[in-house]
Amino acid sequence: MGALGRVFLRSMFLQAAWNPRGMQNLGFADAISPALAELYPDPVERAKAVARHLEFFNCHPYLAAAILGGAVRLEERVANGEAPPQIVSSFKSALGPPFAALGDGFFWLALRPVAALAAAATQPFLGMGCVLVFLVLYNAVHLPVRLWLFATGYLRAEGVVDAVARAHMASGTPFLKACGAALAGAVAARGILHAGIPGRPFAALLVASMIVLAWATVPRLGATRAVYIALGVGLVVGARFL
Amino acid sequence: MLPLPAGGAPHLFVLMVIAALLGGLSAIERKGAFQVMLSRPIVLAPLLGWAMGDAQGGLVLGIPLELLFLGGVNLGGSLPDNESLLAGALTAMVVPAGLATRTGVDGPLAALGLALLLPLALFGRRLDRASEERNTQLLEEALSRAARGDPSAARVNLRGLLLPFGAAAGICALGVLASPLVALARLNCGALALAALEGSWHVVWAVAAACAVRAIRDPRAPALAAICAVTVVAITLAFRGLR
């Protein structure tokens, strides 16, 4: 495998040694090392380059692939003496925060919950197949995007900002979230029907009102306390279920 | 005599090894490697359940756990509750218990297990914080190695995976070890206790659904969810009634 392939593979371990001081710095330096090995044959020069990449770095773990690809391209320029080493550092620190926000909003707050809700909503029909629904929905977007980001970063360097902006990743988010909300409703309906069928309208009503009550109080209670209260309430009224 | 899965103590030991391995790997996959979502409860619980002999039982646990922790995200330095550790340990404890009681994972067993292990989600978050603090030592080692001219200084990166693996593996193995006690408790439940626990599981599902609606951070979400829920309930009742 070429150096670029090894860099991409190692980018999968970007957060292996996430630490409060440098955040993803160790992962970034480790990932870019195979490229540095080709660019700086002299071990002392290479160690200096690695040390430069041990500076603070943080981004979304997927979007970081674009920055990693771009950094490899910029390191080529630095190694050829076309640019000063600071150019790599400024590139990383300028793109880290905006790309992090983009990745958090799209992958963590939209795609992942929606894919999981799609799986939960289809479980009554698909059974175990719902696990595949989740994994395929999520990774059919995640893996190609991650590869595309890395390739575009390497090919375009600073131009990756334009390419990512034109991909309109954020514009799909409201639609995804609307799907997620509808699916969450379907999942709630399933909980109500599961408690109510066969012939237990009281249980169905109870679960429906618990959903509304929990929705209103969960932000204040936190999940742990809410679940313990639920377990307690369930115990008390559950004796009437059978 | 404690209730054990068919195959007795040797089989329980095999299950401990399976749970340790998959639980440990999930702790790595969750943040340190790949992040293809194999460590989410909706995948990990049925996967571990399948490896231990009851995939369906794992799925019974995985879906409500996934919904409960759907809104937890790792933004920058802030850590969410560790849903993977809870899912791994709960599956490791409840699936073998269901094999031992020959009931499979039912509502009462799931509610009993969740009541016992729920604090693991918060504990796991503390564990994550501690292992990240410890990674600072790896950073210092890398910095000093790079300063000495070592070009492979950043390879210490992968050593950050060891502690999360070990901690989760140990906790999941303990889950299997505790399973006979849970099975014993389940077998000693009378009809009233079983009904009460079944009720608990239904209400946990209700909280999970509420958390799922909350996880969609959008002002339209509650209204959309409510409309969809009412529609689904109405259509189902129109076609099949409450029978």
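In case you missed it, the structure is sitting above this.
Residues numbered from 1 in each chain as written. Chains lettered and ligands numbered in written order. Predicted model: local features only at pLDDT ≥ 70, side-chain atom pairs only at ≥ 80, totals over all residues. Heavy atoms only, no water.

*Asks:* Hey, could you run me through the overall build of chain B in this one?
*Replies:* The helix and strand inventory of chain B stands at nine helices and zero strands. Considering only C-alpha atoms, chain B reaches an extent of 75 × 55 × 25 Å along its principal axes. Across the 243 residues of chain B, 58% fall into the buried class. The centroid of the 18 positive side-chain charges in chain B is displaced by 2 Å from the centroid of its 14 negative side-chain charges. (Helix = DSSP H or I, 4+ residues; strand = E, 2+ residues; numbered from the N terminus. Buried < 20%, exposed > 50% of the residue type's maximum accessible area, 1.4 Å probe, protein only. Lys, Arg positive; Asp, Glu negative; His and termini not counted. Charge placed at Lys NZ, Arg CZ, Asp CG, Glu CD.)

*Asks:* How should helix 3 (residues 55-68) of chain B be read in this particular structure?
*Replies:* Residues and elements named next belong to chain B. The end-to-end C-alpha distance of helix 3, which contains 14 residues, comes to 20 Å, matching closely the 20 Å that a straight helix rising 1.5 Å per residue would cover. For helix 3, a buried count of twelve out of 14 residues is recorded, marking the element as mostly surrounded by other parts of the structure. Of all the residues in helix 3, the buried ones are Ala55, Gly57, Gly58, Leu59, Leu61, Gly62, Ile63, Pro64, Leu65, Glu66, Leu67 and Leu68. (Expected span 1.5 Å × (residues − 1).)

*Asks:* Hey, could you run me through the packing of helix 1 (residues 8-31) of chain B against helix 7 (residues 162-187) of chain B in this one?
*Replies:* Packed helices, taken two at a time, are described by the angle their axes make and the gap between the axes. Residue and element names in this part refer to chain B. At their nearest, the axes of helix 1 and helix 7 sit 7 Å apart, and the two run at 145° to each other. Along this stretch, helix 1 crosses helix 7, giving a crossing that reads as right-handed. When helix 1 is examined against helix 7, the residues Leu12, Leu15, Met16, Ala19, Ala20, Leu21, Gly23, Gly24, Leu25, Ala27 and Ile28 are found in contact with a partner set consisting of Pro164, Phe165, Ala168, Ala169, Cys172, Ala173, Val176, Leu177, Ser179 and Pro180. (Axes fitted to C-alpha atoms, helices over the stretch in contact; angles between N-to-C directions. Left-handed = near helix turned anticlockwise from the far one by under 90°. Contact = heavy atoms within 4.5 Å.)

*Asks:* Help me out: how do you make sense of the interface of chain B and chain A in this one?
*Replies:* By a frequent convention, interface size equals the accessible area lost on bringing the separate parts together. At the junction of the two partners, chain B supplies 89 residues and chain A supplies 93 residues. Across the chain B/chain A interface, buried area totals approximately 7800 Å², and carbon plus sulfur atoms make up 74% of it. At the junction of chain B and chain A, the tally comes to two salt bridges. A:Arg21 serves as the salt-bridge partner of B:Glu140, at 2.5 Å between the closest nitrogen and oxygen. Across the contact surface, chain B and chain A share 20 residue pairs in polar contact (both at pLDDT 80 or more). Secondary structure elements with two or more residues in the side of chain B that touches chain A: helix 2 (41-52), helix 3, helix 5 (107-117), helix 6 (120-147), helix 8 (191-215) and helix 9 (221-240) of chain B. Sorting elements by how many residues they give to the side of chain B that touches chain A places helix 8 of chain B first, with 18 residues. A per-class count over the side of chain B that touches chain A returns 57 nonpolar, 17 polar and 15 charged. (Buried area = accessible area lost by both parts, 1.4 Å probe. Salt bridge = Lys/Arg side-chain N within 4 Å of Asp/Glu carboxyl O. Polar contact = N/O pair within 3.5 Å; in protein donor to acceptor, adjacent residues only side chain to side chain. Nonpolar A, V, L, I, M, F, W, Y, C, P; charged D, E, K, R; others polar.)

*Asks:* Whenever I open this one, helix 4 (residues 64-79) of chain A confuses me. Can you help?
*Replies:* Since one α-helical turn is 3.6 residues long, residues separated by three or four positions face the same way. Residue and element names in this part refer to chain A. For helix 4, spanning 16 residues, the distance from its first C-alpha to its last is 22 Å, which sits close to the expected 22 Å at 1.5 Å a residue. Extensive coverage of helix 4 is indicated by the burial of twelve of its 16 residues. Here the buried face of helix 4 lies against helix 1 (3-11), helix 2 (25-39), helix 3 (43-52), helix 5 (86-126), helix 6 (129-156) and helix 7 (160-166). Residue Gly81 follows helix 4 closely and has a positive phi angle near 75°.

*Asks:* When you look at the environment of A:Thr173 in this model, what are you seeing that I'm missing?
*Replies:* Residues and elements named next belong to chain A. Summarising the element assignment, Thr173 is placed in helix 8 (residues 173-196). On the basis of relative accessibility, which here comes to 12%, the residue Thr173 falls in the buried class. Once the C-alpha coordinates of Thr173 and Met210 are considered, the two residues, 37 residues apart in sequence, prove to be 29 Å apart. A polar atom in the side chain of Thr173 sits 3.0 Å from the backbone oxygen of Ala170.

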